[in-house]
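Observations on the model geometry
In case you want the letters, here they are:
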Amino acid sequence: MELEYDNFFHYSTRLLMANVLGDVYAELSKLKSAKNRFMFTRALLRKHKMLATTLDTDIEYDDPITSTRLRQNGNVFFKVKLYAEAAEMYTKSLMGSHMSTECYALAMANRSAAHFHMGRYEHCLKGVRCALGSNYPPKLAYKLHERAGHAARKLGFVERAVETYALCLTRLDEADMSAENKLKFRASVEMAANECEKLLTEQKRTMKTAPCAEKLVGGKNENIPALSAFVKLKMSEDMGRGVYATHDINPGDVVAIDEPYICGPFLNNTEVCRYNGCLKLDLALLRCPKCFLVYYCNKDCMDKDNKDGHHLECPIMHFISKTPGITSMNDLAMKWFLKAYLKMGLKKYCSIVDNFSESKIDPITRGFDEIGQYKSDNFLTAYSLDSNENKMSVDVLFFFNCIAVDMLHYLTLSGFKIPDCYIDTVGASLVRILTVLDSNCRKLNVHAPSLSFQSYLKLTLTIALALYPTISLFNHSCDANIKRSGETTDRIRVMKAVQPIPKGTQLCCTYGITFKGSDKESRQKNVHDRFNFKCYCQPCTKNWPTFQCLSNRLSTSNILNSSMADTVTFECKKFAEFTKSVEPKDHCQHLNYLYSFIKLLYTNVKRPFSLYEVCLEMISNAHSSTRPIQ
């Protein structure tokens, strides 16, 4: 577990040193109630003085005089164009000043200038953002906006550059310079902005027509609006609740369009807007002026996030970031609780979670509201997702309870009032929220908003954690017949069929594990260790070989329909030639051909078959596209 969670032994080590850990695990394993487990853990951490007594960070900063001297030394290097040395001095200056001081803002701004001259334009933009979010002198702000415009232009973000130049001109009135110099400066910035406008016009002229908005095949499902009307929920003995086709579904058909219930930047991703309703990827975000730990694309998103609960979480963000586990997940759990608390009030919130824990719910209707609707924006729908809480080993369960105790303790230290009669309910709900996120965000990580890079290696970097309650209904298969579609950075997830799905077949996505790259034993161990289930997909039950071992030859042993042998042979030769002539970036232009070929093979060739897998990969690649971020 130490490899999965940060500082996994943080709590247990202290108790081990006190020679009580064994007794703790034994006692905790006897407790069947989530409330009792939380209160037991809370009392234990109190007894052993493992809870913070104050929200003071005890962080000391050097004398501002030293920081100023270091910054001035950096200026000397900068003037003689020794930019790397200057940046190093500015960094040392930053280490000796608080984020809220002008000294810090000036050093950050100067370092951004050094980064610009070094060609490190992304670092330049980040530095500008941080300086503007700190205590940077308003009369100098125009300089930062000009620099940000130049950096954005260098990176190819032309639209962003135009916006930034416009902002620069609005701040020019605050500048401490003569009228003549202002006129010259304005003319220079306007010229740069006009050049960007021309580039932008040319880009728009050459852009292809935007694709039509995606629509669910068959329309919306009557009871699960984020799903297609051509599917339904059904229970199976091996896999529990799953999504099954009620009609034949073709490759390319949209089967789900889901919006996250809760989402947030992954790790310390400062390029992602933190507001739950945005999640926009940007290179010049605004930082929260109080905690300095979260970022927004504009003040409107900042204000909306504060209304959703950040104003309550802000005083404890530093402590949440230091809590063991997965920082992004801990933050998301607190964000989820505060969002629900502000919407419902504490009394109603506790009533809902208590009723859920005490009632026996039909597995097939779990997460549906009182009128029979399963909606991704509903608290109880998200809260009722699988959590694996009852399948966890006692050490992992104890770990999550400790995190919940710490988080709730920080919240109450900040002045948040929770009557004693509600402590156990709120604490147990935080544990459940953490475990729901741990289970579902992990298995849906492959569908989370991400940024593609090094496309020839098909690598992506997750930029956000997002909980999709409707997509969570899809079970896993090592041979997925549905996959996400559209921009990898999109907050709203579109799921499309990538294979033919006959009526009665279960729709399955992948949790990041496929038969093409791993053998059966490795896959089974992976799904068990990460998700606590056994995979019953066809590649696992029939022990399909990995892609490297697949044949691309046709014979009487793998032709299902002998009357189609000649046609299939001809089309396979044609497809093999096609793969040699088309670039990955052009796969989307040939989707209709790819759909027809995979349908031909699905009906007439026994799997696994290498050309089928190649075609399937091409379809998946065509469904997932990327574009420059403006």
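One can find the structure itself at the top, above this paragraph.
Counting restarts for each chain: residues are numbered from 1 in the order of the written sequence. In keeping with the predicted nature of the model, local features appear solely for residues at pLDDT of at least 70, side-chain atom pairs appear and are counted solely at 80 or more, and the whole-chain, interface and lining totals rest on all residues. Derived side-chain values reflect all non-hydrogen atoms in the structure, with water molecules and hydrogen atoms excluded from consideration.

1. Things to note about the overall build of the protein chain
- The way it works is that DSSP assigns letters per residue, a run of H or I at least four long becomes a helix, a run of E at least two long becomes a strand, and they are numbered from the N terminus. The helix and strand inventory of the protein chain stands at 22 helices and 14 strands.
- C-alpha atoms define the radius of gyration, and 2.2 Å times the number of residues to the power 0.38 defines the globule rule. Since a compact globule built from 630 residues should have a radius of gyration of about 25 Å, the 28 Å found for the protein chain is in line with a globular shape.
- The C-alpha extent of the protein chain, read off along each of the three principal axes, is 85 × 65 × 45 Å.
- To sort residues, take the accessible area from a 1.4 Å probe on protein chains only and compare it with the maximum for the residue type: under 20% means buried, over 50% means exposed, and anything in between is partly exposed. The 630 residues of the protein chain split such that 50% are buried.
- The contact rule is simple, with two residues in contact once any of their heavy atoms fall within 4.5 Å. Intrachain contacts of the protein chain at a sequence separation of at least 6 include 70% that bridge at least 24 residues.
- The protein chains shown are the only cover counted for residues, whose accessible areas, like all others here, come from Shrake-Rupley with a 1.4 Å probe. Of the accessible surface of the protein chain, which amounts to about 30700 Å², a share of 52% is contributed by carbon and sulfur atoms.
- In the protein chain, 81 positive and 67 negative side-chain charges are present, and the distance between their average locations comes to 1 Å. Note that His is not counted, nor are the chain ends; the positive residues are Lys and Arg, and the negative ones are Asp and Glu. Every charge is mapped onto a representative atom, which is NZ of Lys, CZ of Arg, CG of Asp or CD of Glu.

2. Re the sheet that holds strand 10 (residues 475-476)
- Taken in spatial order, the four strands make up an open sheet running 1-2-13-10, and their pairing is mixed. With partners counted over all chains shown, the strands left at the sheet margins are strand 1 (231-236) and strand 10, one partner each.
- When DSSP finds at least two bridges between two strands, those strands are taken to pair. By the bridge criterion, six bridges tie strand 1 to strand 2 (residues 240-245) in an arrangement that is antiparallel. Within strand 2, the position partnered with leucine 233 by the bridge is valine 243.

3. Regarding helix 22 (residues 610-623)
- To estimate how far a helix should reach, multiply one less than its number of residues by 1.5 Å. Taking 1.5 Å as the rise per residue, helix 22 with 14 residues should run 20 Å; its terminal C-alpha atoms sit 20 Å apart, in good agreement.
- Taken together, the buried positions of helix 22 are Ser610, Leu611, Tyr612, Glu613, Cys615, Leu616, Met618, Ile619, Ser620, Ala622 and His623.

4. Quick word on the packing of aromatic side chains
- A pair of Phe, Tyr and Trp rings is counted when the ring centres sit within 6.5 Å of each other, with Trp represented by its six-membered ring. The angle between the planes then sorts it: under 30 degrees is stacked, over 60 is edge-to-face, the rest tilted. If you walk through the whole model with that rule in mind, you get 31 aromatic pairs.
- For the ring pair tyrosine 511 and phenylalanine 533, a centre distance of 6.1 Å and an interplane angle of 90 degrees mean the geometry is edge-to-face. Taken together, the positions of tyrosine 511 in the loop between strand 13 (506-509) and helix 18 (520-531) and phenylalanine 533 in the loop between helix 18 and helix 19 (538-541) put the pair 22 residues apart, joining distant regions of the chain.
- For phenylalanine 533, a relative accessible area of 26% puts it in the partly exposed group.
- One aromatic cluster is present, built from ring pairs that chain together Tyr261, Trp336, Phe337, Tyr341, Tyr349, Phe356, Phe379, Tyr383 and Phe416.
- Charges are assigned to positions over rings by a cutoff of 6 Å between ring centre and Lys NZ or Arg CZ, combined with an angular limit of 35 degrees from the ring normal. Positioned above the aromatic ring of tyrosine 383, the side-chain terminus of arginine 432 is 5.4 Å from the ring centre.

5. Some details on the environment of serine 97
- Secondary-structure assignment places serine 97 in the loop between helix 5 (83-95) and helix 6 (102-117).
- Definition of a polar contact: a pair of N or O atoms within 3.5 Å, with one able to donate and the other able to accept a hydrogen when the atoms are protein atoms, and with sequence-neighbouring residues admitted only if both atoms are side-chain atoms. One polar contact links the side chain of serine 97 to the main-chain carbonyl oxygen of serine 93, over a distance of 3.2 Å.

6. So, the packing of helix 8 (residues 141-155) against helix 9 (residues 158-171)
- One way to put it is that helix 8 packs onto helix 9 with a least axis distance of 8 Å and a crossing angle of 165 degrees. The orientation of helix 8 with respect to helix 9, classified from their angle, is roughly antiparallel. Along this stretch, helix 8 crosses helix 9, giving a crossing that reads as left-handed. Here Ala141, Tyr142, His145, Glu146, Ala148, Gly149, His150, Ala152 and Arg153 of helix 8 come into contact with helix 9, specifically with Arg160, Ala161, Thr164, Tyr165, Leu167, Cys168 and Arg171.
- Note on residue categories: nonpolar means Ala, Val, Leu, Ile, Met, Phe, Trp, Tyr, Cys or Pro, charged means Asp, Glu, Lys or Arg, and polar means any other residue, Gly included. The residue makeup of the contact of helix 8 with helix 9, split by class, is eight nonpolar, four polar and four charged. To get an axis, a line is fitted to the C-alpha atoms, and for a helix only the part in contact is used. The angle between two axes follows their N-to-C directions and goes from 0 to 180 degrees. Oblique is the label for any angle not under 35 degrees, not over 145, and not in the 65 to 115 range, which are roughly parallel, roughly antiparallel and roughly perpendicular in turn. Take the far helix as the reference: if the near one is turned anticlockwise from it by less than a right angle, the crossing is left-handed, and if turned clockwise, right-handed.

7. Some thoughts on the nonpolar core
- Residues grouped as a nonpolar core are buried Ala, Val, Leu, Ile, Met, Phe, Trp, Tyr and Cys residues, joined through side-chain atoms within 4.5 Å. Residues Trp336, Phe337, Tyr349, Phe379, Leu437, Phe474 and Leu507 are the most contacted members of the largest nonpolar core, which totals 104 residues.
- Ranked by the residues each element gives to this core, the list is headed by helix 16 (residues 394-413), at 13 residues.
- In this structure leucine 507 touches Val231, Val243, Tyr244, Ala245, Ile249, Val255, Phe474, Asn475, Asn481, Ile482 and Ile501, once residues within four positions along its chain are discounted.
- Among the nonpolar cores identified, the runner-up in size contains 32 residues, and Tyr121, Ala148, Ala151 and Tyr295 belong to it.

8. What to know about the side chain of histidine 145
- Relative to the elements of secondary structure, histidine 145 occurs in helix 8.
- Beyond its immediate stretch of four places on either side in the chain, histidine 145 contacts Leu132, Thr164, Leu167, Cys168 and Arg171.

9. A few points about the packing of helix 1 (residues 10-17) against helix 2 (residues 21-30)
- The geometry of helix 1 relative to helix 2 is characterised by a closest axis approach of 7 Å and an angle of 120 degrees between their N-to-C directions. Compared by their axis directions, helix 1 and helix 2 come out oblique. Between helix 1, through Ser12, Leu15 and Leu16, and helix 2, the contact on the second element is made entirely by Leu21, Val24 and Tyr25.
- Among the residues forming the contact of helix 1 with helix 2, the class breakdown is five nonpolar, one polar and no charged.

10. Details of the environment of serine 93
- Among the secondary structure elements, serine 93 is positioned in helix 5.
- Expressed as a C-alpha distance, the spacing of serine 93 and proline 64, which sit 29 residues apart in the sequence, is 8.8 Å.
- Ignoring any residue separated from it by four or fewer positions in sequence, one finds serine 93 in contact with Ser67, Leu70, Arg71 and Ala107.

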